[in-house]
Amino acid sequence: MAKLENKVAIVTGGGSGIGRAIAEIFAQEGAYVHIVDLNADMAQSVVDGIISAGGTAKSHACNVAEQTDVLRVVKSIGRVDILVNNAGIAHVGNLEKCSPEDFERVFNVNVKGAYNALFAVVPVMKANGGGAILNLASIASVVGISDRFAYSMSKGAVYAMSMSVARDYIADNIRSNSISPARVHTPFVDGFIAKNYPGQEEEMFEKLSKSQPIGRMAKPEEIAKLALFLCGDDAGFITGNDYPIDGGFIKLNN
Ligand SMILES: NC(=O)c1ccc[n+]([C@@H]2O[C@H](COP(=O)([O-])OP(=O)(O)OC[C@H]3O[C@@H](n4cnc5c(N)ncnc54)[C@H](O)[C@@H]3O)[C@@H](O)[C@H]2O)c1
């Protein structure tokens, strides 16, 4: 039997990268996948791919930073068994290079966006007897990474929110975990290299690949497989944890 048969899943930011790979593997494993993404065209193209592969999915154009938008979408979905809080944006720069506008932009998507989805979905899960939540943290939640001030702040908050929800809703049969990838080769990484290191793209890509002791970036599909396990019933005893998936970044970089 498929691992997520009869489950309804929401994947925020499922139109690209890690979220896309998670949406696709969830659909392959029988879930009805709702992709909630700011970019309606990208979300719909992932949905089209899932449907043509025989799966079930729907796209919802939504800015996770806007609570009314998120509440509207979640209400239209009804039952939710799985929430993957994945939508996120990057910012490169230390404290002095982080303007109030940069800070707010990153905070609004990465922190408030995750809060908005949790705020909308947790009562639905409670009413339905439980659910599984997976939050995309990062190695930057727990390790000092150079020039990632705002991003690290936001991912530290995601890590903490995930634990808080796990503690408060354990009696409601809601499990909440986070995963902390090192670099994953997605448009997110290509985008910030192109924006912040113009003319040095290849060199930067090499440098970022080698910062994982394993010598490369992760593939989105590798992250998706861990997400599948943590959101499925096989992980029924796992809650309140963070799982690095980092090619040795945290423990072997010495
Ligand atoms: N790629 C990495 O190296 C890496 C490492 C660790 C953690 N992460 C985290 O994984 C998550 C996904 O990263 P990715 O690399 O797949 O990114 P990506 O840029 O490829 O995809 C992000 C998706 O989120 C959507 N999105 C952005 N802002 C949104 C908003 N306000 N409302 C709704 N949707 C929005 C985008 O449209 C896009 O589809 C992020 O939270 C990121 O911080 C990524």
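Quantities reported herein were computed from a predicted structural model and do not represent experimental measurements.

Reading the values: rules and limits
- Residues numbered from 1 in each chain as written.
- Predicted model: local features only at pLDDT ≥ 70, side-chain atom pairs only at ≥ 80, totals over all residues.
- Helix = DSSP H or I, 4+ residues; strand = E, 2+ residues; numbered from the N terminus.
- Buried ≥ 20, exposed ≤ 12 C-beta atoms within 10 Å, placed from the backbone.
- Near = placed C-beta within 6 Å.
- Nonpolar A, V, L, I, M, F, W, Y, C, P; charged D, E, K, R; others polar.
- Pairing = 2+ DSSP bridges.
- Axes fitted to C-alpha atoms, helices over the stretch in contact; angles between N-to-C directions.
- Contact = placed C-beta atoms within 7 Å.
- Domains from an automatic or database assignment.

Chemist: Can you break down the overall build of the protein chain residue by residue, with the values?
Modeler: When helices and strands are counted, the protein chain shows nine helices and seven strands. With the C-alpha coordinates aligned to their principal axes, the bounding extent of the protein chain is approximately 50 × 40 × 35 Å. A burial count over the protein chain gives 46% of its 254 residues as buried.

Chemist: Describe the site of the ligand, with residues and values.
Modeler: Taken together, 30 residues are adjacent to the ligand, and Gly-13, Gly-17, Gly-88, Thr-186 and Phe-188 come closest. Contributions of two or more residues to the shell around the ligand are made by α1 (17–28), α4 (100–127) and α6 (187–196). Looking at side-chain class alone, the shell around the ligand contains 15 nonpolar, 13 polar and two charged residues.

Chemist: Requested: an account of the sheet that holds strand β3 (residues 56–61), with residues and values cited.
Modeler: Taken in spatial order, the seven strands line up as β3-β2-β1-β4-β5-β6-β7 in an open sheet, and their pairing is parallel. This sheet does not close on itself; its edge strands, each paired only once, are β3 and β7 (242–245). Within this sheet the neighbouring strands show an average axis-to-axis angle of 15°, counted without direction. Note: strand β1 (residues 8–12) against strand β2 (residues 32–37), five bridges, orientation parallel. Along β2, the bridge assignment pairs Val-11 with Ile-35. Here α4 sits on the sheet in contact with β1, β4 (82–85), β5 (131–136) and β6 (174–181), set at roughly 175° to β4.

Chemist: Describe the domain arrangement of the protein chain, with residues and values.
Modeler: Domain annotation of the protein chain identifies domain 1 (8–182 + 219–246) and domain 2 (188–217). A separation of 24 Å is found between the C-alpha centroids of domain 1 and domain 2. Of the residues assigned to the side of domain 1 that touches domain 2, the class counts are three nonpolar, one polar and one charged.

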